[in-house]
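Here is what each chain is made of, one letter per residue.
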2 protein chains.
Amino acid sequence: MDEARDRGLTLNPRYDDNGLITAVVTDVATGDLLMVAHMNAQALALTIETGFAHFWSRSRRSLWKKGETSGHMLQVRDLRIDCDQDALWIKAVPAGPTCHTGARSCFFRRIGPDGLSRVDEAG
Amino acid sequence: MDEARDRGLTLNPRYDDNGLITAVVTDVATGDLLMVAHMNAQALALTIETGFAHFWSRSRRSLWKKGETSGHMLQVRDLRIDCDQDALWIKAVPAGPTCHTGARSCFFRRIGPDGLSRVDEAG
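Residues numbered from 1 in each chain as written. Chains lettered and ligands numbered in written order. Predicted model: local features only at pLDDT ≥ 70, side-chain atom pairs only at ≥ 80, totals over all residues. Heavy atoms only, no water.

**What to know about the nonpolar core**
The biggest cluster of nonpolar side chains holds 62 residues, and the ones touching the most others in it are Met39(A), Phe55(A), Ile90(A), Met39(B), Phe55(B) and Ile90(B). If sequence neighbours within four positions are ignored, Ile90(B) has contacts with Ala23(B), Val24(B), Val25(B), Thr26(B), Met39(B), Phe55(B), Val76(B), Asp78(B) and Leu79(B). (Core = buried A, V, L, I, M, F, W, Y, C linked by side-chain atoms within 4.5 Å. Buried < 20%, exposed > 50% of the residue type's maximum accessible area, 1.4 Å probe, protein only. Contact = heavy atoms within 4.5 Å.)

Written as structure tokens, this is what we have:
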């Protein structure tokens, strides 16, 4: 435990070995989890600067403004960091479905005793 | 993109090189993000089996039932997986403060233009 990092008021993100931090996006209106992605320092700076969520795509190895091509941007209403500063929480207003499958949230499947089941979009 | 993994109904978690998957916990009552942690296959199995959140502690390199020592367990009400099956969403009833600092949520600090500020616990 690092007292200054855990309780202090200095932003000091703990990036992993790849220079990334986990970013969790919830819908400010519903509280639903929309997506989990990663940011590098530049994505975080751009997110703060522009008010729109930017990420680092690990598969494409490139900076990525969410909604750049789909138009489904995430307007940031609140940005928080956790105790050990290795995760970010973005409360956002989504301009459309967040998931590349067209679902409102990437978390559209429930894990049950018999595998996965689709969750009602309103659920 | 892997169509079967992204849209199918077979649970097929995509563990990282360390055998871990990101797990995001929200409060089922408020929608607030409580914590972000990691699970290995055993932690996920125990979570499903017992209905209480188990994680893998990367710092202690051990399996960990949340609340084991503090009593602040997380009772799972809903468990979901995202499109590419590399993140889990747990909606839980927390038995007490989730954060080791005593805060209700690990995300008790807001990132603003002038650094961090503490967020009202009710916020």
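**Some thoughts on unusual backbone geometry**
One can expect most non-glycine residues to show negative phi and most peptide bonds to be in trans. All names here are of chain A. Despite not being glycine, Arg-61 has its phi angle at roughly 50 degrees, a positive value. The residue Arg-61 is located in the loop between β3 (54-57) and β4 (62-65) in this model. Classification of Arg-61 by relative accessible area gives exposed; the value is 62%. (Helix = DSSP H or I, 4+ residues; strand = E, 2+ residues; numbered from the N terminus.)

**Structural notes on the layout of surface pockets**
Roughly 160 Å³ of volume is contained in the second largest pocket. Along its surface, the second largest pocket is lined by Arg110(A), Ile111(A), Gly112(A), Pro113(A), Thr47(B), Ile48(B), Gly51(B), Val76(B), Arg77(B), Asp78(B) and Leu79(B). Elements with a minimum of two residues in the lining of the second largest pocket: β7 (109-112) of chain A together with α2 (41-50) and β5 (74-81) of chain B. If you tally residues by element for the lining of the second largest pocket, the top one is β5(B), at four residues. Taken together, the residues that form the lining of the second largest pocket break down as five nonpolar, three polar and three charged. (1 Å grid on protein atoms, 1.4 Å probe; cavity = no way out; pocket = protein on both sides within 12 Å on 5 of 7 lines; lining within 4 Å. Points joined across faces, edges and corners; volume = space filled by probe spheres on them. Nonpolar A, V, L, I, M, F, W, Y, C, P; charged D, E, K, R; others polar.)

**Some details on the UniProt feature "binding site: Mg(2+)" (unreviewed entry) in chain A**
All names here are of chain A. UniProt tags Asp-82, Asp-84 and Asp-86 as "binding site: Mg(2+)" (unreviewed entry). Residue placement: Asp-84 occurs in the loop between β5 (74-81) and β6 (87-94). With relative accessibility at 21%, the residue Asp-84 sits in the partly exposed group. The contacts of Asp-84, once residues within four sequence positions are left out, are Arg-5, Asp-6 and Arg-14. Mapped onto the elements, Asp-86 comes out in the loop between β5 and β6. Relative accessible area serves as the criterion here: at 14%, Asp-86 is assigned to the buried category. (UniProt positions renumbered as here; feature names shortened; annotations may be inferred.)

**Focus: the sheet that holds strand β7 (residues 109-112) of chain B**
Strand order in the open sheet formed by six strands is β2(A)-β1(A)-β6(A)-β5(A)-β7(B)-β8(B), with mixed pairing between adjacent strands. The open sheet is flanked by β2 (33-39) of chain A together with β8 (115-118) of chain B, the only strands paired with a single partner. With direction set aside, neighbouring strand axes in the sheet form an average angle of 35 degrees. Here β5(A) runs beside β6(A); their pairing, made up of seven bridges, is antiparallel. By the bridge assignment, Gln75(A) is partnered in β6(A) with Val93(A). Strands in contact with helix α2 (residues 41-50) of chain A are β2, β5 and β6 of chain A together with β7 of chain B; relative to β2(A), the strand with the most contacts, it is inclined by about 125 degrees. (Pairing = 2+ DSSP bridges. Axes fitted to C-alpha atoms, helices over the stretch in contact; angles between N-to-C directions.)

**Brief notes about the pairing of strand β3 (residues 54-57) of chain B**
All names here are of chain B. The pairing of β3 with strand β4 (residues 62-65) spans four bridges and is classified as antiparallel. Looking across to β4, one finds that Ser-57 is bridged to Ser-62. In this antiparallel pair of consecutive strands, β3 and β4, the connection spans four residues, and Arg-61 shows a positive phi of 50 degrees.

**Regarding the interface of chain A and chain B**
Often, the extent of an interface is quoted as the loss of accessible area on bringing the components together. Residue-level contacts link 44 residues of chain A with 44 residues of chain B. A buried area of about 3,900 Å², summed over both sides, lies between chain A and chain B, and 61% of it is on carbon and sulfur atoms. If you sort the residues of chain A by the area they bury against chain B, Phe107(A), Arg109(A) and Ile111(A) come out on top, with a joint share of 19%. Between Asp86(B) and Arg58(A) there is a salt bridge, and its shortest N-O distance comes to 3.3 Å. Taken together, the connections running from chain A to chain B amount to 27 residue pairs in polar contact (both at pLDDT 80 or more). Of all the secondary structure elements, the ones that give two or more residues to the side of chain A that touches chain B are α1 (3-7), β1 (21-27), β2, β5, β6, β7 and β8 (115-118) of chain A. Here β7(A) pairs with β5(B) via two bridges, running antiparallel. Its bridge partner being in β5(B), Arg109(A) is matched across the sheet by Ile81(B). (Buried area = accessible area lost by both parts, 1.4 Å probe. Salt bridge = Lys/Arg side-chain N within 4 Å of Asp/Glu carboxyl O. Polar contact = N/O pair within 3.5 Å; in protein donor to acceptor, adjacent residues only side chain to side chain.)

**Side note on α2(A)**
Residues and elements named next belong to chain A. Among the residues making up α2, those that are buried are Ala-43, Leu-44 and Thr-47. What you see down the axis of α2 is that its buried residues fit within an arc of 100 degrees, all on one side. Residues of α2 that are buried in the fold lie against β2, β3, β4, β5 and β6. Phi for Gly-51, located one or two positions after α2, is positive at around 80 degrees. (Arc of directions from axis to C-beta.)

**Re the relation of the copies chain A and chain B**
Taken as rigid bodies, chain A and chain B are interconverted by a rotation of 180 degrees and an axial shift of 0.0 Å, the fit giving an RMSD of 0.0 Å. Taken together, these values place the two copies in the relation of a two-fold axis. Relative to the rotation axis, the C-alpha of Gly31(A) is the closest in chain A, positioned 2.2 Å from it. A share of 100% of the interface residues of chain A reappears at the interface of chain B, consistent with the copies meeting face to face through the same patch. (Least-squares fit on C-alpha atoms with pLDDT ≥ 70 in both.)

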